[in-house]
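# A closer look at the structure
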Amino acid sequence: MVVGSRCPVIPWLALAAVLGSVLGLGEDIDRPLTGPPGSPVRLQESDPGLKKALEFAEERYNRGSNAMHLRKTSRLLSATKQLVKGIRYSITVELSNTQCKKSTRLRTCDFYPELHKLKTEVCVFEVWDIPWQEASTQFKQKCQPKVESQLKETNKVVDASASQPLQESVELLGQFKEFMVTYNKVYSSQEEADHRLRVFHENLKTSEKLQSLDQGSAEYGVTKFSDLTEEEFRSTYLNPLLSQWTLHRPMKPAPRARGPAPSSWDWRDHGAVSSVKNQGMCGSCWAFSVTGNIEGQWFLKNGTLLSLSEQELVDCDGLDQACRGGLPANAYESIEKLGGLETETDYSYTGKKQTCDFTTMKVAAYINSSVELSKDEHEIAAWLAENGPISVALNAFAMQFYRKGVSHPLKIFCNPWMIDHAVLMVGYGELKSIPFWAIKNSWGEDYGEQGYYYLYRGSNACGINKMCSSAVVN
């Protein structure tokens, strides 16, 4: 089976790395929860330490709430742990009402059978367990009501027969067949096809959940990635180096824009953006982000739009890890040392690491240095309008099932510090009064809106402001 390209997004059950490690009250969510001592490790529901931490979190929650009834976990969405002077657990769950009042001390407490009485909330807990002190300290808690689809009232008595599941199965098979035809999917065996159908079904549920949680105008649904499991998608698309902040080298700050940002701007309208490319089965999003930026800088200085070589970076950048990820800051430095970039035509893309075949005589564009931009979105917009497209990175939480519109995931579900995909910011504006960033992706023109992803602008959504940079061409 052809899996596709590489560098991210995450289904609902995979809120693991994203959901599970995000917490915040007020502005605290904008601090990293993953520090140098170690990266978060995802946990299974059966993990003994997780069970203990979750019991502690539930007890603290119930003690602090004004509700009459005890609430307990009705669904574990994700959990991670991290070694930081103890064990820090980040847990995302759904909490629902039980029929037990707080004053009772019953061994078992059943949930309400009526959905409207459950009053389910999505909660993110952070529990710090210090075993040698025999103490657990919960120091973060964030909850909000779960958004449920509105149930239509009816006076009809529904026959609980197999007719509805059968109808749903027929509909599912139809959707899956249409998906296979649309994206030219071919599987090696009937067993593989059956497995992909099950994955497809779960992903439909995921996209529905994303749709119910989105605060913008985005549409989520079937995409060319809808038959990929969470692990397949992550391993094929994720750029793990982007969120490892200890690897980032300092860059010179960019001078501020001379004037304020205009109300909207799009470098596609001014000839500074090449066509959408496809990184294939290679985690080289960092290379596409950087070459896109340099293409724009070269155009603004020389009046010629070139399609520059990402493969040169994959093969010749000794600071990064080719298809296993990289950092834009390293790529700029490597380009300076090499002496420039060849064109896509002279050094064409293969999507896998090869022996470096760079030739100085074929250099088509060079850079003199690189700069890091402000993290203020107003200043980013002003700089972009004045100086060209920007290399940026983001948490690609909502991108796997994105189809169109302005994506605006809930902040607690799109940790700004869990950045895992590098892209090119080419413009900004408003769509039906919703402010957005226009982002050129590298997953082909059959992704999103002709290869573009539109993300909400104004709330530092998904960490879009954390890693903005540009090459400098004198």
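Keep in mind that this is a model prediction, so the values were computed, not measured. (Residues numbered from 1 in each chain as written. Predicted model: local features only at pLDDT ≥ 70, side-chain atom pairs only at ≥ 80, totals over all residues. Heavy atoms only, no water.)

What follows covers the pairing of strand β3 (residues 87-101). Here β3 lies mainly inside the structure; 13 of its 15 residues are buried. Where strand β2 (residues 69-83) and β3 come together, 12 bridges link them in antiparallel fashion. Bridge pairing in β3 places Leu76 opposite Val93. Bridge analysis of β3 against strand β4 (residues 121-130) gives 9 bridges, and the strand direction is antiparallel. (Buried < 20%, exposed > 50% of the residue type's maximum accessible area, 1.4 Å probe, protein only. Helix = DSSP H or I, 4+ residues; strand = E, 2+ residues; numbered from the N terminus. Pairing = 2+ DSSP bridges.)

This model, assessed by the stated rule, comprises 21 aromatic pairs. Relative to Tyr187, the ring of Phe176 has its centre 6.1 Å away and its plane inclined at 0°; by these criteria the two rings are stacked. Remark: Tyr187 occurs in the loop between α4 (163-182) and α5 (190-213) and Phe176 occurs in helix α4; sequence separation between them is 11 residues. Judged by its relative accessible area of 11%, Tyr187 is buried. Between the aromatic rings of Trp265 and Trp267, the centroid separation amounts to 5.4 Å while the plane-to-plane angle is 70°, which identifies the pairing as edge-to-face. By relative accessible area, Trp265 is classed as partly exposed at 23%. Looking at Trp267, the relative accessible area reads 6%, which means it is buried. Connected via pairs of aromatic rings, a cluster forms that spans Phe225, Phe233, Tyr237, Tyr402, Trp443, Tyr447 and Tyr453. (Phe/Tyr/Trp six-rings, centres within 6.5 Å; stacked < 30°, edge-to-face > 60°.)

With that out of the way, let us pick up the pattern of salt bridges. Under the definition given, this model contains 20 salt bridges. Across the pair Lys224 and Asp446 runs a salt bridge whose closest N-O atoms are separated by 2.7 Å. Placement of the pair is Lys224 in the loop between β6 (219-220) and α6 (230-237) and Asp446 in the loop between β14 (434-440) and β15 (452-456), with a sequence separation of 222 residues. For Glu310, the salt bridge is made with Lys277, and the minimal N-O distance between the two is 2.8 Å. Highlighted residues: Glu310 in helix α8 (residues 310-316) and Lys277 in the loop between β8 (265-266) and α7 (285-302), separated in sequence by 33 residues. Bridged by salt links that share partners, the residues Lys277, Glu295, Glu310 and Glu344 form one connected network. (Salt bridge = Lys/Arg side-chain N within 4 Å of Asp/Glu carboxyl O.)

Take the state of the cysteines next. Per the stated rule, a full pass over the model turns up 5 disulfides. Bridging Cys100 to Cys109, the disulfide has an S-S length of 2.1 Å. Linking Cys100 and Cys109, the disulfide has an S-S dihedral of approximately -110° and is accordingly described as left-handed. Residues Cys100 and Cys109 agree in their burial class; the two are buried. Across the disulfide from Cys123 sits Cys143; the S-S distance is 2.1 Å. Handedness here is read from the sign of the S-S torsion; for Cys123 and Cys143, about 120°, the answer is right-handed. (Disulfide = S-S within 2.5 Å.)

A positive phi angle, near 55°, is found at Asn184, a position not held by glycine. Relative to the elements of secondary structure, Asn184 occurs in the loop between α4 and α5. Residue Asn184 is classed as exposed on the basis of its relative accessible area, which comes to 65%. Positive phi values are uncommon outside glycine, yet Cys462 reaches one of about 55°. In this structure, Cys462 sits in the loop between β15 and β16 (469-472). With relative accessibility at 4%, the residue Cys462 sits in the buried group.

Tracing the backbone through its elements, the reader meets Thr343 in the loop between α9 (328-338) and β9 (369-372). Judged by relative accessible area, which is 15%, Thr343 ranks as buried. Side-chain polar atoms of Thr343 contact the backbone nitrogen of Asp346, separated by 3.1 Å. Those residues within four positions of Thr343 in sequence are excluded, and the remaining contacts are Ser307, Leu308, Ser309 and Ala364. (Polar contact = N/O pair within 3.5 Å; in protein donor to acceptor, adjacent residues only side chain to side chain. Contact = heavy atoms within 4.5 Å.)

This part is about the nonpolar core. Note that soluble globular proteins tend to have their nonpolar side chains buried in a common cluster. Ile390, Met425, Trp437, Tyr453, Leu455 and Ile464 are the most contacted members of the largest nonpolar core, which has 58 residues in total. Only β4, α5, α6, α10 (377-387), β10 (390-394), β13 (421-431), β14 and β15 provide two or more residues apiece to this core. Those residues in contact with Ile464 that lie beyond four places of it in its chain are Glu377, Val392, Ala393, Leu394, Met425, Trp437, Ile439 and Leu455. With 18 residues, the next largest nonpolar core counts Tyr332, Ile335, Leu341 and Ala365 among its residues. (Core = buried A, V, L, I, M, F, W, Y, C linked by side-chain atoms within 4.5 Å.)

With that out of the way, let us pick up the environment of Gly86. Of note, Gly86 is situated in the loop between β2 and β3. Judged by relative accessible area, Gly86 falls into the buried class, the value being 8%. Residues Gly86 and Ile130, 44 residues apart in the sequence, show an inter-C-alpha distance of 4.7 Å.

Of the residues in the protein, 84% have a pLDDT of 70 or more, and the chain-wide mean is 84. The model gives residues 149-163 a pLDDT under 50, and that stretch makes 1 contact with residues more than four places away or in other chains. (pLDDT = per-residue confidence, 0-100.)

Moving on, we come to empty space enclosed by the protein. Inspection of every chain in the model, using the stated rule, returns 3 cavities of 30 Å³ or more. Reported here for the largest cavity is a volume of approximately 90 Å³. Taken together, 14 residues make up the lining of the largest cavity; nearest its centre are Phe288, Ser289, Lys440, Asn441 and Ser442. Breaking the lining of the largest cavity down by element, the ones donating at least two residues are α7 and β13. At 6 residues, α7 tops the list of elements feeding residues into the lining of the largest cavity. Here the lining of the largest cavity is built from residues that sort into 5 nonpolar, 5 polar and 4 charged. In this structure, the second largest cavity encloses a volume near 40 Å³. Along its surface, the second largest cavity is lined by Leu210, Leu213, Asp214, Tyr220, Phe397, Ala398, Pro409, Leu410 and Phe413. (1 Å grid on protein atoms, 1.4 Å probe; cavity = no way out; pocket = protein on both sides within 12 Å on 5 of 7 lines; lining within 4 Å. Points joined across faces, edges and corners; volume = space filled by probe spheres on them. Nonpolar A, V, L, I, M, F, W, Y, C, P; charged D, E, K, R; others polar.)

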